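Reading the structure
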Amino acid sequence: MIRTFLAFFILISNVILAQNTLNLIPYPQKVQTLQGEFAIPDIFILSGELPKEETEYFKKRTGSQLEFQYAQKGEDIHLIHSVIPPVSAADAEEKKEYYALEISPKQIHIKSYTRQGYFLALQTLIQIIDQYKDTKKIPVMKIEDQPKFAWRGMHLDVCRHFFTVDEVKQYIDYLAMYKLNTFHWHLTDDQGWRIEIKKYPKLTQIGSKRKESMIGAYVDNTFDGKPYGPYFYTQEDIKDVVKYAHERHITVVPEIEMPGHALAALAAYPELACTKGPFEPATKWGVFDDVFCPKDETFTFLENVLDEVMQLFPSKYIHIGGDECPKTRWKECTHCQELIKKNNLKDEHGLQSYFIHRIEKYVNSKGRKIIGWDEILEGGLAPNAAVMSWTGVNGGIEAAKSKHFAVMTPGAYCYFDHYQGDPQSEPNAFGGFTPLDKVYAYNPIPSELNAEQAQYIMGVQANLWTEYILDFKHVQYMIFPRLMALSEVGWGTSDPKKYKEFENRVISQFKVLDNMQVNYAKSIYNIIGKVVPANNGIAYELSTSQNSKGIRYTLDGTNPTINSKTYQNAVQIPNSLTIKSAYFEEGQLKSAVSAQEFTVSKTTGKNITLEQQPNENYSFGGAFTLVDGIIGNVKQLGKTWLGFQGKDVLATIDLGKKTAFTEVYFNTLENKGSWIHLAKSAKIFISDDNTNFKLIKEIGTAEIQDAHGKIKVNVGTQNAKYLKVTIENAGIIPAGNPGADSKAWLFVDEIGIN
Ligand code: ACM
Ligand code: ZN
């Protein structure tokens, strides 16, 4: 009795130990470490019955640490594999990624239903061997594992910037290492057509190059003057990549964009547009009005293109894009308008739906399915289509509720072109703020779904758009380490409450990436600042993934040194100043220096409420961001701005007591290419009871335009307890602008008074 109890106790304590010490990502569903060790032999004997390609991969990955030999008669075998027979077709489908990995003192035994399961087990074994390579002794353990989600994807945009076959293969290797199973290859867009189509050679002759490219921040509106391309993959290249991915049990899903993001194709074949052209592949980033015109000739073209694409890619799903298609041209096109009438469509959104339905029918007729960005829900979803939910989670929810499959890839959590650290210490990025812990905290199952509806969530994916990513080193930087968080979210073993423990495993994996010379981001070491309300004003909290006692800071604008103040508690910010901070270890500077400028006014740190909330992608800090003392950087939409799509800002600030002031200021941003427009108007009100408000100032469109959105107005001498500021969104984007007909974005950074 006592012995059983003791054995049980040892087992449990080892399970706990394993949780803390095994550096596996994604962490397996079930791990038990037991007493004893498996000594990694000098020569690792394999039995001859292991699946060949997978075993060769294993040998290659561990080859620098191990020497291998296939077993001769009578020799002890170090690695064996058994195939478990499924009991039914459903069982086979459900268990195809299952594996058991049993490490006993003499032998490693892998059990799986499929070669894919065996491959996944080897990935786990590679991480274990790597962890114990110094002692060459692996704890005896049993792992049983299987992913929660069937679709665990990473996307790569090769249109804005091109990446070679070799680089794409490296990317696929990263997916395999962390047990992702889907590579979404974004092959066509306005700025470049990157796949050879034999029937339409001009697609790559004309569409694979552009005159020049935008450089720097979008608002700089600067171009490099250098021709880009021709860059494309030949069909032989594509076959090579698909085969390479297949050997790693990764499905490649190609994306051919339609009806929008089609400028490169229209440059080659202008007859497929609503107007005559000529067109050129885009040199700017953004969304463009010239899109495919839904005429028979266009459908014939797209069907022929898809025929060649389906020949090259064996995937069940073909991604047909469907996002960001302005309706400007369709509204003015006689053919489009007649088509709307003839088919009794409601409007141009109905035409978008007609377009996707017709393509779906064709793709289905070839035994494949379509998946598209969530705008394919516009005007009614095609009967068998799956939805990739990117503008938020609503697309996925709507799809699942109507029994359509969905992949969750919401911008706020899954866009790896967003900043992952404080924007001022990061390379130029698209915008947004999606640090590692945010990705890790994502739950792909929206809480709005019941268990049955949740079955339609196929999985999760992160997207890497490459407008601001010029080379592969930068690709590595943007995906690592966030890919590891995505991997564990998709596997279903992430737990945001154990983020610190996950972060330690990430830091252990950095050694693996170092050995592979991968340029991963070290942003988690950098200091993250957070403004908090304190003492009727604000304080600045500093944190790092490392020991926070190593943080030093200054308030006088000088760079911190080892002699600067040590960070203890949130630093009170009494007036306008710049705080600079950095992380030191053993007397050495270990991080970038972070600098934050504060502009303190009488609203700073006060209570603020918003009647309408900002968009999730641009909501960092919530309403408080408007009184946090930080003026937004116009080149970085990361943390300091709130973004409202199609909504007004309706802000009420409780100043705490009657407060005298004569000036009100706020900034709104203009970046028409990104659909960000200056406010149409603004109004300023005061109140003493938070009920009866008196209008004290109106600001019109012309005044806002003249000030380029930087509003600073004299309001006379006022004395009030409540301030209300309403800032009117530009509304629907007018014709002639990028994103015409869509809801404009309104970006606001701060509301201050003096
Ligand atoms: C997208 O980010 N336009 C799908
Ligand atoms: Zn048309």
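- Going by an unreviewed UniProt entry, the chain carries the name beta-N-acetylhexosaminidase and comes from Chryseobacterium culicis.
- Database annotation for the chain, UniProt heading Catalytic activity (unreviewed entry): "Hydrolysis of terminal non-reducing N-acetyl-D-hexosamine residues in N-acetyl-beta-D-hexosaminides."
- Here the chain is described in UniProt, under the heading Sequence similarities (unreviewed entry), as follows: "Belongs to the glycosyl hydrolase 20 family."

A closer look at the pattern of salt bridges
- Counting across every chain of the model gives 33 salt bridges.
- Arg 160 serves as the salt-bridge partner of Glu 467, at 3.7 Å between the closest nitrogen and oxygen. Taken together, the residues span a long stretch of sequence, with Glu 467 in the loop between β21 (457-462) and α17 (472-479) and Arg 160 in the loop between β8 (151-157) and α5 (165-177) at a distance of 307 residues. Here Glu 467 matches Arg 160 in class, with each residue buried.
- Here Lys 331 ties to Asp 741 by a salt bridge, and the two come within 2.2 Å at their closest N and O atoms. Of the two residues, Lys 331 sits in helix α10 (residues 328-332) while Asp 741 sits in the loop between β35 (710-728) and β36 (745-753), which places them 410 residues apart along the sequence.
- For Lys 331, a relative accessible area of 38% corresponds to the partly exposed category.

What to know about the coordination of the zinc ion (ligand 2)
- Donor atoms from the polypeptide that bind the zinc ion (ligand 2) are Cys 274 (SG), Cys 293 (SG), Cys 333 (SG) and Cys 336 (SG), placed at 2.2 to 2.4 Å.
- Seen from the zinc ion (ligand 2), its four donor atoms lie at angles of 101 to 115 degrees, and the figure they make is tetrahedral.
- All donors to the zinc ion (ligand 2) come from one chain, and their sequence spacing reads C-x18-C-x39-C-x2-C. Of this pair, Cys 293 sits in the loop between α8 (263-268) and α9 (296-312) while Cys 336 sits in helix α11 (residues 334-342); the two residues are 43 residues apart in sequence, bridging distant segments of the chain.

Examining unusual backbone geometry
- Note that the residue after Gly 229, namely Pro 230, is joined by a cis bond; omega there is 5 degrees.
- Secondary-structure assignment places Pro 230 in the loop between β13 (222-223) and α7 (235-247).
- With an omega dihedral of -10 degrees, the bond running from Met 258 to Pro 259 counts as a cis peptide bond.
- Note on placement: Pro 259 falls in the loop between β14 (251-258) and α8.

Section: the side chain of Asn 667
- Relative to the helices and strands, Asn 667 resides in strand β32 (residues 649-668).
- The class of Asn 667 is buried, set by a relative accessible area of 10%.
- A distance of 2.9 Å separates the side chain of Asn 667 from the side chain of Asp 749, its partner in a polar contact.
- Setting aside residues up to four positions removed in sequence, Asn 667 forms contacts with Ile 631, Trp 641, Gly 709, Lys 710, Ile 711, Phe 747, Val 748, Asp 749 and Glu 750.

Calculation notes
Residues numbered from 1 in each chain as written. Chains lettered and ligands numbered in written order. Predicted model: local features only at pLDDT ≥ 70, side-chain atom pairs only at ≥ 80, totals over all residues. Heavy atoms only, no water. UniProt positions renumbered as here; feature names shortened; annotations may be inferred. Salt bridge = Lys/Arg side-chain N within 4 Å of Asp/Glu carboxyl O. Helix = DSSP H or I, 4+ residues; strand = E, 2+ residues; numbered from the N terminus. Buried < 20%, exposed > 50% of the residue type's maximum accessible area, 1.4 Å probe, protein only. Donors = N, O, S within 2.8 Å, 3.2 Å for Na, K, Ca; no water. Tetrahedral: all angles 85-135°; square planar, octahedral: opposite > 155°, others 65-115°. Polar contact = N/O pair within 3.5 Å; in protein donor to acceptor, adjacent residues only side chain to side chain. Contact = heavy atoms within 4.5 Å.

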